[in-house]
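As a plain string of letters, each chain reads:
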Amino acid sequence: MRKKILTYSFYVLTLLTLLIYNFITKTEAEKYEQQYQEVLNSNSESLELFEELHAKEDSITKLSNRINELTNQDGEED
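Residues numbered from 1 in each chain as written. Predicted model: local features only at pLDDT ≥ 70, side-chain atom pairs only at ≥ 80, totals over all residues. Heavy atoms only, no water.

Asker: Residue-level account of the environment of Y21, with values.
Answerer: Along the chain, Y21 falls in helix α1 (residues 2-77). Measuring from C-alpha to C-alpha, the distance between Y21 and I5 comes to 24 Å, with 16 residues separating the pair along the chain. (Helix = DSSP H or I, 4+ residues; strand = E, 2+ residues; numbered from the N terminus.)

This is how it looks when you write it as structure tokens:
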């Protein structure tokens, strides 16, 4: 009888330990997943800003080239 009680106690403690471990790892996984999503959102925003900046840089370069062309044409006419 005593052996059965010890065996069942061991099973219960093992099960309880596994449940606690599962809860802790699940909580940690959710925390890391949330941090990962925050990083992804941040990177997405940064990428959008970079693309916008690159587009503006291209338009500034085109305008600058056009101004230089017009300036050169005015210089040739004089």
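Asker: I'd like to hear about the pattern of salt bridges, residue by residue, with values.
Answerer: Following the criterion strictly, the structure yields three salt bridges and no others. Among the ionic pairs, K56 bridges to E52, the shortest N-O distance being 3.4 Å. Pair noted here: K56 and E52 are both in helix α1, with a separation of four residues, about one helical turn. Using a relative accessible area of 47% as the deciding quantity, one classes K56 as partly exposed. Take E52: its relative accessible area is 44%, and that puts it in the partly exposed class. Put simply, R66 and E69 hold a salt bridge, and the shortest N to O gap is 3.3 Å. Of this pair, R66 and E69 both sit in helix α1, three residues apart, which is roughly one turn of the helix. (Salt bridge = Lys/Arg side-chain N within 4 Å of Asp/Glu carboxyl O. Buried < 20%, exposed > 50% of the residue type's maximum accessible area, 1.4 Å probe, protein only.)

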